[in-house]
Structures are given as structure tokens and as C-alpha cells.
Amino acid sequence: MAQAHVVPVEQHSYLDNSMTIYLAGIGAILVLYHFWFKSLRYVQLGNKMPGPLAIPILGNAYMALGKSPTDMFTFAYNTYKSLKADVIRLWLGPKLVVCLCAPEDIEIILGSHVHLEKSPEYRLFEPWLGDGLLISKGDKWRSHRKMIAPTFHTSILKSFVPVFNRNANNLISQFKKELGNEFDVHDYMSGATVDTLLETAMGVRKTEEDNTGFDYAMAVMNMCNILHLRHYKLWLRPDFLFKFTKMAGEQGSLLNLIHTLTRQVIKRKKANFFSRQSRGETSLYEQAVGSSKFDENYGLVEENIMSNYIRDDLDDNDENDVGEKKRLAFLDFMIEASQQKGNALSDEEIKEEVDTIMFEGHDTTAAASSFVLCLLGIHQDIQDKVYTELKEIFQDDMDRPITFSDTLHMKYLERVIMEALRLYPPVPIIARKVNEDVKLASGDYTLPAGTTVVIGQFIVHRNEKYYPNPLKFDPDNFLPERCQDRPYYAYIPFSAGPRSCVGRKYAMLKLKILLAGALRKFRMISNDKEENFKLQGDIILKRGDGFKIRIEERTH
Ligand code: HEM
């Protein structure tokens, strides 16, 4: 028996020798590759920038090993703080990633009409969003952006105010069931957000059409979860591995449900459009396009998110409710846009844009509103000021529907929302790919063509150069006089420049109505401390420890 395991001496040394030669060969190739790689101009330019220790072949990828999403977020932020640099390079294998944290560098990228291409990481969204606004590039992005921007015109947003009110009332009924309990408020904000989007983006009510609306809303939420997981679990990113997982099957069914409903609704809405057209009816979209002026950034000129961001020429005419029948959804407007001369939007492209709005509008707003409620639960003095402002607006009638004009008087609540978006920007980083060399302004650095640029809004929002007491939750950071003293690119929760968020006015209006609706009825309570928040920033910034609060009914 023992003899069977004995390897003859000559054979053993032969194996040893060939293994040694083999390993030495691999080692030599790796060493040659390492020196060749280091000699590349791309690599030399990258290595001029400060960054954490990179090891051969893997670069900095080893730093992510074994870290949970919350560990990873804290680790990335601490690495930035220890390096004390506004430009940080990372090597993910041979790929150069540069994180920009100085407003003057951020402006070079976000303010440009050249560096508009998203980084390859965004391809994870493709099966759901296709080539919609978030991902598309070049002329397609430009023409779609121009067509879609007017659908966010104030006159159209105003028509959504009753939907937002109904949504706020639903939220209040649900909150009542949680009186006295500690609960995760994000679940409710997510549900409320997806319901409103379903109605404002697609014109579908959750209670209508059997369970279809409900199933669709659940599918959107579950798809967001899958995308989050694929983002931070690196091994789930490559499609060739992902397709063997159970999750890939789930994704397939969810997308089938989402895309089938979107296609059905497009078909129905298109028929409605032709019947309206035959009756000679004009819609808000035509009026919006007629009265819209665009800036060179493909945004509406009226859009200015600071302070008076929501005021425009229609503000004094408070026609909130255009009537259930007349109210149209983004989808209706896109169908109209697709029929106008010079536009060519196929049904598939309309589907991609509606899906994009459902995705972009959902998780971002749910996270923002959840952060606001948790922060107000912690900072009771600030919550009292919000409530005093609401009392001044609504006097003794805290039940009446909130009008568009009311939202213009919610100045303090607006500052609270903006401050929450500063400290906890729902989109904590943005990534772009530069296709040509870019000289930076903050130091003698050049980003070589092909670099993935990461814009760190979470970091720039916490820079004491622009926010004197950066970790303090202080809504007065958004008093007009303080805003004036800051560079524009030091506050970018909605990004900035040509590719900034097209839905920011929608988001602010909706947040104000939803939050004011809840805050007039309930006091938020939390014993947490902000420094104990376990932040998790895979795609959307969230609290990994859950958005736990308690609520108390107000007796006025
Ligand atoms: C608090 C809420 C929101 C925040 C913080 C936010 C933030 C952002 C940011 C940072 C971007 C740029 C992303 C990038 O370049 O990778 C973006 C893009 C976009 N957002 Fe929002 N967003 C919010 C709400 C919304 C809503 C409600 C909608 C639609 C109803 C929306 C629609 C879009 C679209 C379509 C884009 C792509 C624009 C383009 O590439 O031209 N967003 N958003």
C-alpha cells in the first residue's frame, strides 16, 4: 500500500524542475509586464497624482477585499481624509480611476460639453434602462435631453400637485399604524415615491388595473435592490458570472414585468394621443415647449435650484389642479414630443426614457426624504422651526391640501432639504470617462484619455473651506448670503452642468409636499446620533443600519 504513494526520485526532481521553470516563466512575464506597464505615459501621468499604495497587477483593488458596503464607504472616506488631497488616483488592475474633490476640477468635468460620457460601470443599468437619458451619449443624449427637459416645466409640475397631496395623505394613513413603534421609515418613503412616479411618469394608479400597478412598483423596488447588490459585490458584476446566479433569473422576470407594462401603457397612451389630436386638443406640453427657453446646458432657463429655484413666470397663477382628466403623465408628453416635426422617438426609446425616470426618480427621492425625517428626529430644535413655518402657512387648517404657492413659502423646509442633501447626497459619487487628456486646475496634474473620473460630491460637501462647521447639520448654510460666498460646484447633489439632474425641480416640489404633509401631522423622534449612522454608498447613499425613527401624533 505504502509503495503506491512513492514517487521515483528521478520523476520527482523532473516534476520539481518543470514546475520551477514554469513558475519562473510566469514570474518573469509578470515582472516584464509590470515594468512595461509602469513605462506607459498613461501610467506615469496617473502615478504623479497622490493615492494609496498600489500593488503590482491588482493595483488598489485589494483594498476592497472582505469589506462590507458600510465598511467600504467609511474606509474610502477615511482614506481621503488621511491623504488630505483634492485629487486621488486609484488603480483597479490596469484601470486608472481618479477622484476629484476640488470644485475647480469638478467644474472642468461637469461643466464641459465634451466630457459627457458615463463610465463603463453604468452598463449594469442597461438591461433595464436600455440607452435612456442616464446612459446614452452623443447626439442621441443631446436630442432626447432637449425633448424631455420641457416635460419638467413648472406648468406641468404644478399639474402633479394633487397627486403629491394624495400621496402624502396615503403616507399619513400608513404612519398612523406605526404610532409608538420604532420603524424603518425608508420602506414607507420608497413605497410613496414609487406610487407617485407610477402616476406622474406613466399615468397608472396603483389601485387601478387590478394588481398591475402594485406588481410594477414592487418590481421597480426589487430591481433597484439587485442593482445595489451587483454594485458592491464585485463578483456579481461580470455578466458571464452573473448569468449563472439565481438573481439573474429574478432580474429576468422583473424586467419582463416592468417592460411588458411599460409597452402596454405606451400603446394605450398613444391611442389616447391620436384621439386627443383628432379632437384638436392642445396640451400643457405644447404650451411648455412654446414658453421654454433653454440654456447651453440643455436645461430650462427657469431652473435655478438655489433659493428661488422653483419660482417662474407662472408662480403667481396658482392653478394647481388642471383636473383629473386633463392631467397627463411624462409618458403622454414624450408621445407628443415624438410626434413633433424633427423629433424621432421610437416606442422603444420612449420606453427607455420612462424606465429611466422611474429608476432615477425613485431611490434618490426615497433616500433624501428618509434622511430628512431622521435628521429632524435628531435635531428637535430644527424640527420646531419647520413646524412653526408650517403653522404660519396653514394657520389652523393643517388638513387642507398643500398648494403650489404654499411650497414657495416653505423657505426653511427648503433649507432643511438642501442641508440634508449636502451631508447625505443620495447620489454620493458620479463617474465619467474622459476621452481626451484633461489638465486639472487644482494642481499640476493631467488626466490621461481613458481615465474614469469620479466626482466626490459627498467629499466636497464636507469640505471646511466651503462649510465652516462641515459636519454640523445647519440649514442656515443655505441662507442666500452664505450661498453667494461659495463656488457653484461646491454644492452638487443634483450634479451640475449639461448632464445635471433633469428631475430636480420635480424632486424638490415632491419632497416639500410629502414632507410638509407628514410633518404637519407628526413629530419625528430619534435618539440616534449622526456620527453613528452606518453609511452605505453603493449606487444610492443609504443608512446600512436602517432609517429608524419613532413618530408622535401632533395635537396642534
Ligand atoms: C433628491 C432627488 C434626486 C437627486 C439627489 C438626483 C440626483 C441626480 C444626479 C446626481 C444625476 C447625475 C447622475 C450622473 O451623472 O451619473 C441625476 C441625473 C438624472 N436624474 Fe436625478 N436626482 C433626483 C431625483 C430625480 C427625479 C425625481 C427624476 C425624475 C422624475 C430624476 C431624473 C434624472 C434623470 C433622467 C437623470 C439623467 C440626466 C441626464 O443624463 O441627462 N432625478 N440625478
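Fair warning: this is a prediction, and the values are worked out from it, not measured in the lab. (Residues numbered from 1 in each chain as written. Predicted model: local features only at pLDDT ≥ 70, side-chain atom pairs only at ≥ 80, totals over all residues.)

**Details of the overall build of the chain**
Working step 1: Secondary structure assignment for the chain yields 21 helices and 11 strands.
Working step 2: Every one of the 556 residues in the chain was classed for burial, and the buried ones make up 41%.
Working step 3: Expressed as a percentage of contacts within the chain between residues at least 6 apart in sequence, the contacts between residues at least 24 apart total 78%. (Helix = DSSP H or I, 4+ residues; strand = E, 2+ residues; numbered from the N terminus. Buried ≥ 20, exposed ≤ 12 C-beta atoms within 10 Å, placed from the backbone. Contact = placed C-beta atoms within 7 Å.)

**Observations concerning the site of the ligand**
Working step 1: Around the ligand sit 22 residues in total, of which Glu360, Gly361, Thr364, Cys501 and Gly503 are the nearest.
Working step 2: Looking at the shell around the ligand, the elements that each hand over two or more residues are helix H15 (347–378) and helix H21 (504–521).
Working step 3: It is H15 that contributes the most residues to the shell around the ligand, seven residues altogether. (Near = placed C-beta within 6 Å.)

**Some words on the packing of helix H12 (residues 246–278) against H15**
Working step 1: Remark: H12 packs on H15, axes separated minimally by 10 Å, with the N-to-C direction vectors making an angle of 120 degrees. Judged by the inter-axis angle, H12 sits oblique to H15. In terms of crossing hand, the pair formed by H12 and H15 is right-handed. Residue-level contacts link Ile258, His259, Thr262, Arg263 and Ile266 of H12 to Asp347, Ile350, Lys351, Val354 and Asp355 of H15.
Working step 2: Residues belonging to the contact of H12 with H15 are distributed by class as follows: four nonpolar, two polar and four charged. (Axes fitted to C-alpha atoms, helices over the stretch in contact; angles between N-to-C directions. Parallel < 35°, antiparallel > 145°, perpendicular 65-115°, else oblique. Left-handed = near helix turned anticlockwise from the far one by under 90°. Nonpolar A, V, L, I, M, F, W, Y, C, P; charged D, E, K, R; others polar.)

**Focus: the UniProt feature "binding site: heme" (unreviewed entry) in the chain**
Working step 1: The sites that carry the UniProt feature "binding site: heme" (unreviewed entry) are, in the present numbering, Cys501.
Working step 2: Along the chain, cysteine 501 falls in the loop between helix H20 (480–484) and H21.
Working step 3: Here cysteine 501 is in contact with Phe494 and Ser495, once residues within four sequence places are set aside. (UniProt positions renumbered as here; feature names shortened; annotations may be inferred.)

**Thoughts on the domain arrangement of the chain**
Working step 1: Domain annotation of the chain identifies domain 1 (39–119 + 428–461) and domain 2 (131–289 + 303–423 + 472–555).
Working step 2: Each of domain 1 and domain 2 has a C-alpha centre, and the two are 30 Å apart.
Working step 3: Those elements that provide at least two residues to the side of domain 1 that touches domain 2 are helix H3 (69–83), helix H4 (103–110) and helix H19 (457–460).
Working step 4: In terms of residue class, the side of domain 1 that touches domain 2 is built from 12 nonpolar, five polar and three charged. (Domains from an automatic or database assignment.)

**Re unusual backbone geometry**
Working step 1: Non-glycine residue glutamine 395 carries a positive phi angle of around 50 degrees.
Working step 2: If you trace the backbone, glutamine 395 turns up in the loop between helix H16 (380–394) and helix H17 (404–409).
Working step 3: Even without being glycine, serine 495 reaches a positive phi, approximately 60 degrees.
Working step 4: The residue serine 495 is located in the loop between H20 and H21 in this model.
Working step 5: Overall, the presence of 18 C-beta atoms within 10 Å leaves serine 495 in the partly exposed class.

**Some words on the pairing of strand E7 (residues 452–455)**
In summary, the side chains of a regular strand alternate between the two faces of the sheet.
Working step 1: On E7, burial covers both faces: Thr452 and Val454 on one face and Val453 and Ile455 on the other are all buried.
Working step 2: Pairing of strand E2 (residues 95–100) with E7 involves four bridges; the strand directions are parallel. When the sheet's bridge partners are listed, valine 98 is paired in E7 with valine 453.
Working step 3: Alignment of strand E4 (residues 430–433) against E7, held across four bridges, turns out to be antiparallel. By the bridge assignment for E7, lysine 433 is matched with threonine 452. (Pairing = 2+ DSSP bridges.)

**Points about the packing of helix H18 (residues 411–423) against H21**
Working step 1: The interhelical angle for the contact between H18 and H21, taken along N-to-C directions, is 110 degrees, at an axis separation of 11 Å. Considering their axes alone, H18 and H21 lie roughly perpendicular with respect to each other. For H18 against H21, the interelement crossing comes out right-handed. Contacts from Leu413, Glu414 and Ile417 of H18 reach H21 at Met508, Leu511, Lys512, Leu515 and Ala516.
Working step 2: Of the residues that constitute the contact of H18 with H21, the class distribution is six nonpolar, no polar and two charged.

**Quick look at the sheet that holds strand E8 (residues 522–525)**
Working step 1: Taken together, three strands build an open sheet; the order of strands is E3-E11-E8 and the sheet is antiparallel. Because the sheet does not close on itself, it has two edges, and the strands there are strand E3 (183–184) and E8.
Working step 2: Pairing analysis gives two bridges linking E3 to strand E11 (residues 548–553), with the strands arranged antiparallel. Opposite phenylalanine 183, over in E11, you have isoleucine 549 as the bridge partner.

**Quick notes on the pairing of E8**
Working step 1: Only one face of E8 is buried: it carries Phe522 and Met524, and the other face, with Arg523 and Ile525, is open.
Working step 2: Note: E8 against E11, four bridges, orientation antiparallel. Residue pairing for E11: phenylalanine 522 is matched across the bridge by glutamate 553.

**A few points about the sheet that holds E4**
Working step 1: The sheet built from four strands is open, its strands ordered E1-E2-E7-E4 with mixed pairing. Both edges of this open sheet fall to strand E1 (87–92) and E4, since each of them pairs with a single strand only. Sheet twist, expressed as the average angle between the axes of neighbouring strands with direction ignored, equals 25 degrees.
Working step 2: With six bridges joining them, E1 and E2 adopt antiparallel strand pairing. Within E2, the position partnered with leucine 90 by the bridge is valine 97.
Working step 3: Across the sheet, H4 touches E1, E2, E4 and E7, and the angle it forms with E7 is around 125 degrees.

**Let's talk about helix H6 (residues 138–148)**
Working step 1: Along H6, the residues that are buried comprise Trp141, His144, Met147 and Ile148. Viewed end-on, H6 has its buried residues packed into an arc of 135 degrees, placing them on one side of the element. Exposed and oriented more than 90 degrees from the buried face of H6 are Gly138 and Asp139.
Working step 2: Where H6 is buried, its residues meet helix H14 (330–339) and H15. (Arc of directions from axis to C-beta.)

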